[in-house]
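# Chain and residue survey
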Number of protein chains: 2
Amino acid sequence: MDDRTYTADAEPGETVTVAGWVHELRDLGGIAFLILRDTTGKIQVKFEKDEMDEDLVETGLNVHRESVISVTGAVEEEPRAPTGVEVTPESVDVISEADPELPLDPSGKVDAELPTRLDNRTLDLRKPEIKAVFEIRAEVLRAVRDAFRDLGCTEINTPKIVATGTEGGTELFPITYFGQEAFMNQSPQLFKQLMVGSGLERVFEIGPIFRAEEHNTPRHLNEATSIDFESAFFDHTEAMDACEHVVKSAYEAVAQNCQAQLEALDLADDFEAPDGEFPRLTYQEALDEINATGELDEPLVWGDDLSTEAEHVLGQEVGEHYFITDWPSEIKPFYIKDHDDDEEVSTGFDMMHPSMELVSGGQREHRYDQLVAGFEQQGLDPEAFEYYTKMFRYGMPPHAGWGLGGERLIMTMLGLENIREAVLFPRDRQRLSP
Amino acid sequence: MDDRTYTADAEPGETVTVAGWVHELRDLGGIAFLILRDTTGKIQVKFEKDEMDEDLVETGLNVHRESVISVTGAVEEEPRAPTGVEVTPESVDVISEADPELPLDPSGKVDAELPTRLDNRTLDLRKPEIKAVFEIRAEVLRAVRDAFRDLGCTEINTPKIVATGTEGGTELFPITYFGQEAFMNQSPQLFKQLMVGSGLERVFEIGPIFRAEEHNTPRHLNEATSIDFESAFFDHTEAMDACEHVVKSAYEAVAQNCQAQLEALDLADDFEAPDGEFPRLTYQEALDEINATGELDEPLVWGDDLSTEAEHVLGQEVGEHYFITDWPSEIKPFYIKDHDDDEEVSTGFDMMHPSMELVSGGQREHRYDQLVAGFEQQGLDPEAFEYYTKMFRYGMPPHAGWGLGGERLIMTMLGLENIREAVLFPRDRQRLSP
């Protein structure tokens, strides 16, 4: 069936069958043009009304836009055609007729609001600049997995249905599991930690995470893609090295392999993979730098989390990807290890794009007693997590890791204004379908 | 932190620091051996009691098995050692002490039941033959993704939280989504079909699927990994070609890149990638072949589904991977297209390993009116699927695809007796944790 020639491969002198969507029809009177579009590009089909079979002309010029057709004919050079060639049709076959009225114009001539686009993603993804985002997304995932394999990681898949959330009962979607209460997992955190104590030692996972956050913002999703890394015998600095390697690899792969997509997004001239090491600021240095700008109403003090505004002020100062290290222990989760010489300061780190946080990580608490105490300090019942904590009594190595928001990586890489642009079928407070 | 030398890389003549788990202690009186294990293998550490520092000997010989330690010392050739080398320690550091009693013996000397192993996966995965399964699983996923890219596919990720199940209300896990009823998705079927009508045209997805099947068997999971393919302008025969390519690529990659893992599983001598084309039997031929064996109590007639027993009888006859094509329309889902010249016979196919079904696929119904009629015939409300059906009015090309059970692929490839052996943390009727 798919013995068609892609439009991009149609060479002058050949007779080809091309198939795809009717992108445009231009009727100039005695001559008319149909622009046919497939996944590789577009091609012009010429109808000379007086010289061609009447039925053929009728079929070609009465088909609705966005119908699926196939066209067989000779390819000739034609400098005035969009791709320099055109097809003179011998036959036109209408494979799947489209309604005359479309909810969205894939030619992009009429703008559509995001909700309309998301309701009609199939049509939306016929636009080259939308398609390009998802082709780049696929390339990023490929590159990230290769980068993890460079680092000696084994890919794992951990369960999405769980009995307890990673960080307790908040922000969890409840599910009914054969009469038992269960939840959709917020993070593979605890599972990937269990794997570093196994013979695998160093692992990664790319998979969905689910967070029942109530707020709708341009940078939150209720179902997102998490890119997770964890390694035995790594400390937080080595985990940061690994993070830098993975993020740079993603940018480099896109710069190298996605020129056409970057052009479709009008980014080809400006796109640069980060070079050099990402600066590593301590939390205290970050506070000082933010406070020195005078841009916040009130200066930040030790123990404050960074607001979106604070992140933004600091991002403008730094102007590139960077790490914030040595966070106050009190605002990091129980599984993050404190510094041995100062338990007020954790080994937790964030990796930031100038516009937002991308990664959260750190060295983990691998000592059983300290881990259980940490649960209690955060008001969690260690008993409910016994499947996790008990493995720390059987030889758990020191380890570190991080989680990277997949959609945030794409969003910041491509300058998308809404994280929903980085996912095919976003899930948010209002949107559950399609 | 991780400046250790892997045990596999310790060369005679070097002084190294190795770190890992205490695999075994053998005290022969004046001399004692500690076997240290890491992800790459094992190394012998020699303690000569009379010639070494007393504290060093005490530390090394009193540490519990499966504790995490690091050892620094000179590597020397020693033909009697398991790997031909041994380390004479200068220092031993106990990093993470294990309890003296373990719920599971990672040396494999004491057998454990599957539930105990799954409750203690961290320890279970310290066994080379268990670790090997998951290293092979990771290689299979890598190879499968590469095979899809050979075929020109774009990787997609579709939502796992959905308003309606793929095939209606049965076997769905309900979830509470901000007060609305929602479900965990059974299959990316409808979403991947929406993508072939977009500019992507040919896609794949590897991700979790969720099925609330009540029955507990050695080959069903309630959360599994689905490997999905869908292509515009493909018919069912081309979809089968793609399926064969992907499955063969997985086998070939394992044969080529996982020799050590196959040895750990005692499969190195027997493992073979399938060569030649997979036979394609029609459903009628399959019935005839099964009935001819006389092994079923009652002969199968047109319209019967194949029982596990029937699959088994046929698998023994065929003896290799094979397809069953041309199924009765009445026992295939609404989205499978019937043959144009005989609407009693569908384009649906299954791809079988001799021991079980691995793949289900077919050409899809791309004609709007027929699709909506199909919903109604299966007692489904087309209104509830309007987000899907309406895209078929805007130029949906003919298309075909399939879904492959990831765990079944691993299970049949490695001859595992229970599908739970192919997933780190299985989910079934009873098991929700870890």
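Refer to the structure printed above.
As a starting point, this report considers the structure included with it.

### Focus: the interface of chain B and chain A
At the junction of the two partners, chain B supplies 97 residues and chain A supplies 97 residues. Here chain B and chain A share an interface that buries about 8200 Å² over both sides, 62% of which is from carbon and sulfur atoms. There are 6 salt bridges connecting chain B and chain A. Two residues, Asp99(A) and Arg393(B), come together in a salt bridge whose shortest N-O distance is 2.9 Å. If you look at where chain B meets chain A, you find 40 residue pairs in polar contact (both at pLDDT 80 or more). Take the side of chain B that touches chain A: its biggest share by element is 9 residues, from helix H4 (residues 128-150) of chain B.

### A closer look at the sheet that holds strand S10 (residues 202-210) of chain A
Residue and element names in this part refer to chain A. The mixed open sheet is built from 8 strands, whose spatial order is S6-S10-S11-S18-S17-S16-S13-S12. Two strands lie at the open edges of the sheet, namely strand S6 (154-155) and strand S12 (280-282), each paired on one side alone. On top of the sheet, helix H4 (residues 128-150) reaches S6, S10, strand S11 (223-232) and strand S18 (399-405); it is set at about 150 degrees to S10, its chief contact.

### Notes on the environment of Ala138(A)
The residue Ala138(A) is located in helix H4 in this model. For Ala138(A) and Glu205(A), which are 67 residues apart along the polypeptide, the C-alpha to C-alpha distance reads 15 Å. Excluding residues that lie within four positions of it along the chain, Ala138(A) makes contacts with Thr154(B) and Glu155(B).

### Looking at the packing of H4(B) against helix H12 (residues 406-414) of chain B
Residue and element names in this part refer to chain B. Where H4 meets H12, the closest approach of the two axes is 11 Å, and the angle between their N-to-C directions is 120 degrees. With respect to H12, the element H4 is oriented oblique. Handedness of the crossing formed by H4 with H12: right-handed. Judged by residue contacts, Val 133, Ile 136, Arg 137 and Val 140 of H4 engage Glu 407, Leu 409, Ile 410, Met 413 and Leu 414 from H12. A breakdown of the residues in the contact of H4 with H12 according to their chemical character gives 7 nonpolar, no polar and 2 charged.

### As for the pattern of salt bridges
The full count for this structure, using the stated rule, is 68 salt bridges over all chains. The residue Lys332(A) makes a salt bridge to Asp350(A) at a minimum N-O spacing of 2.9 Å. A residue pair is termed long-range when its members are at least 10 positions apart, and Lys332(A) in the loop between strand S13 (322-325) and strand S14 (338-339) and Asp350(A) in strand S16 (residues 349-353) qualify at 18 residues. Residue class for Lys332(A) comes out buried when judged on its relative accessible area of 10%. For Arg117(B), the salt bridge goes to Glu421(B), with nearest N and O atoms at 2.8 Å. Here Arg117(B) is found in helix H2 (residues 114-119), whereas its partner Glu421(B) is found in the segment after H12, with 304 residues between them in sequence. The residues Arg117(B) and Glu421(B) share a single accessibility class, namely buried. A cluster of three or more residues bridged by salt bridges with shared partners is formed by Arg117(A), Arg121(A), Asp124(A), Lys127(A) and Glu421(A).

### A look at helix H8 (residues 283-293) of chain B
All names here are of chain B. Of the positions making up H8, those classed as buried are Tyr 283, Ala 286, Leu 287 and Ile 290. Looking down the long axis of H8, one finds its buried residues gathered within 100 degrees of arc, a one-sided arrangement. Lining the buried residues of H8 we find strand S12 (280-282), helix H9 (308-318) and strand S13 (322-325). Looking one or two residues past H8, Gly 294 carries a phi angle of roughly 65 degrees, positive in sign.

Rules used in this analysis
- Residues numbered from 1 in each chain as written.
- Chains lettered and ligands numbered in written order.
- Predicted model: local features only at pLDDT ≥ 70, side-chain atom pairs only at ≥ 80, totals over all residues.
- Heavy atoms only, no water.
- Contact = heavy atoms within 4.5 Å.
- Buried area = accessible area lost by both parts, 1.4 Å probe.
- Salt bridge = Lys/Arg side-chain N within 4 Å of Asp/Glu carboxyl O.
- Polar contact = N/O pair within 3.5 Å; in protein donor to acceptor, adjacent residues only side chain to side chain.
- Helix = DSSP H or I, 4+ residues; strand = E, 2+ residues; numbered from the N terminus.
- Pairing = 2+ DSSP bridges.
- Axes fitted to C-alpha atoms, helices over the stretch in contact; angles between N-to-C directions.
- Parallel < 35°, antiparallel > 145°, perpendicular 65-115°, else oblique.
- Left-handed = near helix turned anticlockwise from the far one by under 90°.
- Nonpolar A, V, L, I, M, F, W, Y, C, P; charged D, E, K, R; others polar.
- Buried < 20%, exposed > 50% of the residue type's maximum accessible area, 1.4 Å probe, protein only.
- Arc of directions from axis to C-beta.

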